[in-house]
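Summary of structural features
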Amino acid sequence: MTDPTHPAAPIADATRVVQGGRRDEWTRGIVNPPVWRASTILYDSVADLRTNAKRDTTHRLFYGRRGTPTQWSLADALDELEPGAEGTLLYPSGVAAIATALLAVLSPGDEVLIPDSAYDPTRSLGGGILKRMGISTRFYDPLVGAGIADLIGRATRAVFMESPGSLTFEVQDVPAIVAVAKARGLVTLLDNTWATPLLFPAIARGVDYTILACTKYVVGHSDVMLGSVTAGPGRLEALRTATYQLGQCVSPDDAWLGSRGLRTMKLRLDEQGRSALAIAEWLKTRPEVARVLHPALPDCPGYEVFARDFKGAAGLFSVVLKGDSDAGRAAMIDGLAHFGIGYSWGGYESLVIPVDPQFYRTATRWAADGPMIRLQIGLEDTGDLIADLEAGLKRFAAA
Ligand SMILES: *Cc1c(COP(=O)(O)O)cnc(C)c1O
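Residues numbered from 1 in each chain as written. Predicted model: local features only at pLDDT ≥ 70, side-chain atom pairs only at ≥ 80, totals over all residues. Heavy atoms only, no water.

A look at the site of the ligand
- In the region of the ligand, 14 residues are neighbours, and Gly94, Val95, Asp191, Thr215 and Lys216 sit closest.
- Lys216 places a side-chain nitrogen or oxygen 2.7 Å from an oxygen atom of the ligand.
- Summarising the interface, the protein chains cover 92% of the accessible area of the ligand, which totals 380 Å² for the free molecule.
- Judged by its atoms lying within 2 Å of the grid points, the ligand is housed in the largest pocket.
- Per-element tally for the shell around the ligand: the top contributor is helix α5 (residues 94–105), with three residues. (Near = heavy atom within 4 Å. Polar contact = N/O pair within 3.5 Å; in protein donor to acceptor, adjacent residues only side chain to side chain. Areas by Shrake-Rupley, 256 points an atom, 1.4 Å probe, with all protein chains shown as cover. 1 Å grid on protein atoms, 1.4 Å probe; cavity = no way out; pocket = protein on both sides within 12 Å on 5 of 7 lines; lining within 4 Å. Sits in = over half its atoms within 2 Å of the grid points. Helix = DSSP H or I, 4+ residues; strand = E, 2+ residues; numbered from the N terminus.)

Here it is as structure tokens:
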């Protein structure tokens, strides 16, 4: 491998996901970096041990919690997908990544702004540990854009974003919010799990910390929990300090599976995005469907921002059905042959869950026109999935 951090010419994302993090000193000629397991690292002498304790431990074996080439390789590969990033650290889950990033920037007395469409565990963090530490949370309308300026008070320290939002898929005007935050000296964080850097390179858009639940598209096979935070210029030190103090680390086996997944992420995301859009467009033509909340379709709040800022769509969206039959929704979901019923998404297989976002909101009201479902589109044949949904919609209408 050539050193991917110094490529001869700019390279495309498809090449980066294949080559990222594969340094010769870590792979020793093997295609995939091996699983280096370690807690203890042995030193030659007392002097050697003392010298190492004083050194920067980046990419240097020190103690297992600081990682081995297996974890560094994945972190580096993710970092290379974010032009302009200062560094990327790994976490045992997406929620751990979000919690650590917030704790890295917030102190007692601070306020953080969180969109009303945020992933529910992110909301819980605001009302839970952050509150206990004297940090207040103000939930805001995800479509506020530059209007975020009116919500900033003297205690406001950080603006958290998630775009598109969980369950309801509002696309946030990240560049507008970042511009306001920068002018006011606030830190910005983005949960970029849906788009990944392949569809929305957040650091290049000025975001200070971009967060992935790697559990989803990076791992891609529904069998590992993993998270990452990529820091923008000047932002890595605070994150690293919080990460070390909180003892956050991931196992080499999980990191290895993350790297394994990453190599095919572009291919999976492209195909799942293509199939999901075809299914979303088909659903829009159905009489049982009130709205399709897919960022590339005009029914979705913020779709103009999506068209302006994103390189493409991922494979997760929601559908609002007509009427008010909860039993019909259950009948539809229970009878699906190709969609598993379960949380999470981003794997190779299709999933469905009922969603009820109206119960989570506090800053805005979500007026549900009817029962909602969320679909994660996998790599199955698009026609098979449509036929399955068509039979499901008939069950819904009949109930
Ligand atoms: C799943 C998810 C997370 C949390 O990731 P875990 O790895 O399950 O902890 C965070 N944000 C979003 C948007 C998610 O969908």
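Description of the side chain of Asp110
- With respect to the helices, strands and loops of the structure, Asp110 is situated in the loop between α5 and β2 (111–115).
- If we ignore the near neighbours within four places in the chain, the residues touching Asp110 are Val105, Gly134, Ile135, Ser136, Ala155 and Arg157. (Contact = heavy atoms within 4.5 Å.)

Topic: unusual backbone geometry
- Here the residue pair Ser163 and Pro164 is connected by a cis peptide bond, since its omega of -5° sits within 30 degrees of zero.
- Positive phi, normally seen in glycine, also occurs at Phe169, with a value near 65°.
- Along the chain, the position of Phe169 falls in the loop between β4 (156–162) and α7 (174–183).
- Despite not being glycine, Ser344 shows a phi value in the positive range, around 75°.

Some details on the pattern of salt bridges
- Inspection of every chain in the model, using the stated rule, returns 19 salt bridges.
- Of the charged contacts, one joins Glu288 and Arg286 as a salt bridge, the two residues approaching to 2.9 Å between their closest N and O atoms.
- Classification of Glu288 as buried rests on a relative accessible area of 12%.
- When the shortest N-O distance is used, the salt bridge between Arg291 and Asp369 registers 3.9 Å. Placement of the pair is Arg291 in strand β8 (residues 289–293) and Asp369 in the loop between β11 (351–355) and β12 (372–376), with a sequence separation of 78 residues.
- Relative accessible area serves as the criterion here: at 22%, Arg291 is assigned to the partly exposed category. (Salt bridge = Lys/Arg side-chain N within 4 Å of Asp/Glu carboxyl O. Buried < 20%, exposed > 50% of the residue type's maximum accessible area, 1.4 Å probe, protein only.)

Some words on the UniProt feature "modified residue: N6-(pyridoxal phosphate)lysine" (unreviewed entry) in the protein chain
- In this numbering, the UniProt entry assigns the feature "modified residue: N6-(pyridoxal phosphate)lysine" (unreviewed entry) to Lys216.
- With respect to the element layout, Lys216 can be found in the loop between β6 (209–212) and β7 (227–231).
- Setting aside residues up to four positions removed in sequence, Lys216 forms contacts with Thr193, Ser344, Trp345, Gly346 and Gly347. (UniProt positions renumbered as here; feature names shortened; annotations may be inferred.)

Considering helix α13 (residues 326–334)
- Listed as buried for α13 are Gly328, Arg329, Met332 and Ile333. Across the axial projection of α13, the buried residues extend over an arc of 130°, all falling on one side. Of the exposed residues in α13, the ones pointing more than 90 degrees away from its buried face are Ala327 and Asp334.
- In this fold, the buried residues of α13 make contact with β9 (316–321), β10 (340–341), β11, β12 and α14 (382–398). (Arc of directions from axis to C-beta.)

With respect to the pairing of strand β1 (residues 87–91)
- Counting buried positions along β1 gives five out of five residues, so the element sits mostly inside the fold.
- Of the two faces of β1, both are covered, the one formed by Gly87, Leu89 and Tyr91 as well as the one formed by Thr88 and Leu90.
- Judged from the five bridges that link them, β1 and β7 form a sheet pairing that is antiparallel. If you follow Gly87 over to β7, its bridge partner there is Ala231. (Pairing = 2+ DSSP bridges.)

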